[in-house]
Amino acid sequence: MADGSDELYNQTIPNGRVDYVREEYKHYKRKKPPPDFSEVIDLQDSSTFRGHVEKFELNKSAHSKFGLRCVTEWRAYELNSCPGFMFIVNPFLPGAQHYWTRRCMEDFPRKPNVCNLDAHMTLDPSKSVWEVSHSNDEKCDLMDRLRWVHLGYHFDYNVVDYKPERYYDFPSDLAGMTQHIANAIGYPEYSPEAGIVNYYPLGGSMGGHTDHYESDLSWPLISLSFGQTAIFLIGGATRDVRPVALYVRSGDIIIMSGKSRTAFHAVPRIIKVGNENEPPSCLKWKDLLFANDVDMTSVANPDEAIVPDMNVEIPDVLEETSIVSHRTCGSSKEQSEKALCQESCDNEISSEFGNQQDK
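Residues numbered from 1 in each chain as written. Predicted model: local features only at pLDDT ≥ 70, side-chain atom pairs only at ≥ 80, totals over all residues. Heavy atoms only, no water.

Where do I start with the sheet that holds strand S10 (residues 244-248) in this structure?
Paired through their backbone hydrogen bonds, the strands of a sheet run either parallel or antiparallel. Taken together, 4 strands build an open sheet; the order of strands is S7-S12-S9-S10 and the sheet is antiparallel. Taken across any chain shown, the strands that pair with only one partner, and hence form the sheet edges, are strand S7 (206-209) and S10. Adjacent strand axes in the sheet meet at a mean angle of 20°, parallel and antiparallel pairs treated alike. As judged from the 2 bridges shared by S7 and strand S12 (residues 265-271), these two strands associate in the antiparallel manner. (Pairing = 2+ DSSP bridges. Helix = DSSP H or I, 4+ residues; strand = E, 2+ residues; numbered from the N terminus. Axes fitted to C-alpha atoms, helices over the stretch in contact; angles between N-to-C directions.)

Help me out: how do you make sense of the nonpolar core in this one?
Generally speaking, soluble globular proteins have nonpolar side chains that are buried together. Among the nonpolar cores identified, the biggest contains 45 residues, and Phe-92, Met-177 and Ile-181 are the most heavily contacted of them. Apart from the residues within four sequence positions on either side, Met-177 is in contact with Phe-66, Leu-68, Phe-92, Trp-100 and Leu-224. Of all hydrophobic cores here, the second largest spans 24 residues; its members include Ile-41, Phe-49, Val-53 and Met-206. (Core = buried A, V, L, I, M, F, W, Y, C linked by side-chain atoms within 4.5 Å. Buried < 20%, exposed > 50% of the residue type's maximum accessible area, 1.4 Å probe, protein only. Contact = heavy atoms within 4.5 Å.)

What should I look at first to understand the pattern of salt bridges in this one?
Proximity of charged atoms lets side chains of opposite charge pair with each other. Overall, the coordinates contain 14 salt bridges when judged by the stated rule. Measuring nitrogen to oxygen at the nearest pair gives 2.9 Å for the salt bridge that ties Arg-103 to Asp-173. Pair noted here: Arg-103 is in helix H2 (residues 96-107) and Asp-173 is in helix H5 (residues 172-184), with a separation of 70 residues, a long-range link. Judged on exposure class, the residue Arg-103 and its partner Asp-173 are both buried. Via salt bridges that share partners, Asp-19, Arg-22 and Arg-239 belong to a single interconnected network. (Salt bridge = Lys/Arg side-chain N within 4 Å of Asp/Glu carboxyl O.)

I keep staring at the UniProt feature "binding site: Fe cation" (unreviewed entry) in the chain and nothing clicks. Help me out?
Under the feature "binding site: Fe cation" (unreviewed entry), the UniProt entry names His-209, Asp-211 and His-265. These annotated residues cover 57 residues of sequence, but their C-alpha atoms sit close together, with the largest distance between any two at 9.0 Å. A distance of 2.9 Å separates a polar side-chain atom of His-209 from the backbone oxygen of Gly-207. For Asp-211, the location among the structural elements is in the loop between S7 and strand S8 (221-226). The exposure class of Asp-211 is buried, given its relative accessible area of 0%. (UniProt positions renumbered as here; feature names shortened; annotations may be inferred. Polar contact = N/O pair within 3.5 Å; in protein donor to acceptor, adjacent residues only side chain to side chain.)

Shown next as structure tokens:
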């Protein structure tokens, strides 16, 4: 279902031209000496904008849905150097991140969804990866090895394309939330059909790549992050465009649309938040459970509220926490072909349990 040649995306740099995507990736990934973070844009600190960032006008909505604040309260920005790249500073209501983090950690890594562990073992279809990792009689480190889970359409890394015959229902609550976000940025017909949940351990990274394996690139890619802080690089259509570095914190949302939809991007570094052995607040489910009065109503089922069972005992979090990133891509329901999205990981992260490549 790819839309043509990969020459534009998997390009080599001509002699005399610099691969700035790889150069900046290596700079921020470096451990010794540690990198200089003075050029990183912090969307919570306007003094770091340096003319790179402008406010983005959203389609206002009076309603709060899916654990999000009213759109009138969102802080949205657009990157001048990369038209169509939008950044929404954590718009989640208190407690809502706990719900979505639990979905990522406990619910999404469950059959029939496909994950990187499938190539190395047969997972119990009646249990999630989280349940197997934290069961009393079967203590293991599967969550430490989990790198990605596919939602909706499955991307086959062996043939580097989506397999239309491998489709599983896209989560209705996640679909509703991404539709709500898409409507706020001007895509009222957006309907997510494929997504990847990426799990980054501390020390993990994602190499420079583009997301272009879909039949229609006019629909935005929406990314939601939960957990630790990350450095995110966003460049241009070619590797010789120097990327801009931004901090991405728990709850932040990135949208890649327009020209930015096929821009090179990377995640070179995960930054530990808080004390050494303390997980980020979005993983402390026992400390702050999801509020009952937050509207998690699905667009498809407006009368059905989706909230966690407050009587269920919530398992302890992992000792070594990670940043979790949703990425979804959608299309209009009237389209005959599905608009899909692809994600790739750096070799260092997935060499043992996956085969995603740094393109």
